[in-house]
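As a plain string of letters, each chain reads:
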Amino acid sequence: MKTDELNRPWETNKASLTPLNPPNTFSINGLFVLPLWKLVFMSIATFGLYELYWFYKNWVAIKTSESSGIRPFWRAFFGNFTAYAMFRRLQIKYAGLLAIFYFIVVTFLWPLPGLWWLISFFSVFFLLPAQTKINQLQAERTPINSLSWRESLV
């Protein structure tokens, strides 16, 4: 080290502070890519449990790409609380609004009396903008032809 660096440790080399990605780019590899209809169908068919799996798979991808210490299982388990953090990382417009509506539907509407609890199935529709963004990001990285219906079932 130079003597100037020893005397002024608060001053750092500005070249070492430049980000690897430009500030307006987004790089999360391995996001959970699937057709929107499959997300809706699986969520409704499993009474919302598929949403936990969806959150888990995407939090694992975020943890891997950021090399962070987050715990994907707990982030998925408390998905109604951590949805905003995921939406923000995906750079989705109106992330706060989507997260608030998702939280309200998941938390407060399922215990409604009678058949009113069926309204809670609409929680999946607040995940569709996130899945659309994930699919777009993947399409930009590896452009492929549209999947046939058989390939999209996998």
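To be clear, the structure that these remarks concern was listed above.
Notes on the structure follow. (Residues numbered from 1 in each chain as written. Predicted model: local features only at pLDDT ≥ 70, side-chain atom pairs only at ≥ 80, totals over all residues. Heavy atoms only, no water.)

A few points about the nonpolar core
Then, in step 1: Core analysis: the largest hydrophobic core is formed by 29 residues, its most contacted members being L39, W54, F55 and F87.
Then, in step 2: Taken together, the elements giving at least two residues each to this core come down to α2 (36-45), α3 (49-66), α5 (79-89), α6 (95-108) and α7 (128-141).
Then, in step 3: Sorting elements by how many residues they give to this core places α3 first, with six residues.
Then, in step 4: Ignoring anything within four residues of it in the chain, the contact list for F87 reads I92, A95, L98, A99, F126, L127 and A130. (Core = buried A, V, L, I, M, F, W, Y, C linked by side-chain atoms within 4.5 Å. Buried < 20%, exposed > 50% of the residue type's maximum accessible area, 1.4 Å probe, protein only. Helix = DSSP H or I, 4+ residues; strand = E, 2+ residues; numbered from the N terminus. Contact = heavy atoms within 4.5 Å.)

A closer look at the packing of α2 against α7
Then, in step 1: Where α2 meets α7, the axes come as close as 10 Å, and the angle between the chain directions of the two elements is 145°. Taken as a pair, α2 and α7 cross one another with a handedness that is right-handed. On the side of α2, the interface is formed by L36, L39 and V40, while α7 contributes L128, Q131, T132 and N135.
Then, in step 2: Residues of the contact of α2 with α7, tallied by class, amount to four nonpolar, three polar and no charged. (Axes fitted to C-alpha atoms, helices over the stretch in contact; angles between N-to-C directions. Left-handed = near helix turned anticlockwise from the far one by under 90°. Nonpolar A, V, L, I, M, F, W, Y, C, P; charged D, E, K, R; others polar.)

Observations regarding the packing of α2 against α3
Then, in step 1: Contact pair α2 / α3: the axes reach a minimum separation of 6 Å and the direction vectors enclose 130°. The angle between α2 and α3 falls in the class oblique. Contacts between α2 and α3 involve K38, L39, M42 and S43 on the former and, on the latter, Y50, E51 and W54.
Then, in step 2: Here the contact of α2 with α3 is built from residues that sort into four nonpolar, one polar and two charged. (Parallel < 35°, antiparallel > 145°, perpendicular 65-115°, else oblique.)

Quick look at the packing of aromatic side chains
Then, in step 1: Scanning all chains against the criterion turns up 14 aromatic pairs.
Then, in step 2: Measuring from ring centre to ring centre gives 6.1 Å for F73 and F77, while their planes differ by 15°; the resulting arrangement is stacked. Residue F73 and its partner F77 are both found in helix α4 (residues 72-77); the two are separated by four residues, about one turn of the helix.
Then, in step 3: Looking at F73, the relative accessible area reads 48%, which means it is partly exposed.
Then, in step 4: Seen in terms of ring centroids, F103 and F108 are 5.8 Å apart; in terms of plane orientation they differ by 85°. Their pairing is edge-to-face.
Then, in step 5: Accessibility expressed as a relative area gives 48% for F108, which makes it partly exposed. (Phe/Tyr/Trp six-rings, centres within 6.5 Å; stacked < 30°, edge-to-face > 60°.)

Observations regarding the environment of L34
Then, in step 1: Mapped onto the secondary structure, L34 falls in the loop between α1 (3-7) and α2.
Then, in step 2: Put simply, L34 and W54 are 20 residues apart on the chain and 9.9 Å apart in space, counted from C-alpha to C-alpha.
Then, in step 3: In this view, L34 contacts L39, Y50, W54, Q131 and N135; residues no more than four positions away in its chain are not counted.

Things to note about the pattern of salt bridges
Then, in step 1: Summed over the entire model, instances satisfying the criterion amount to one salt bridge.
Then, in step 2: Salt-bridge contacts for E66 lead to R89; the nearest nitrogen and oxygen are separated by 2.9 Å. With E66 in helix α3 and R89 in helix α5, this residue pair connects regions lying 23 residues apart in the sequence. (Salt bridge = Lys/Arg side-chain N within 4 Å of Asp/Glu carboxyl O.)

Things to note about the side chain of E51
Then, in step 1: Mapped onto the elements, E51 comes out in helix α3.
Then, in step 2: The side chain of E51 is buried and forms no salt bridge, while K38, the nearest opposite charge, is found at 15 Å.
Then, in step 3: Beyond its immediate sequence surroundings of up to four residues, E51 is in contact with S43, Y102, S123, V124 and L127. (Lys, Arg positive; Asp, Glu negative; His and termini not counted.)

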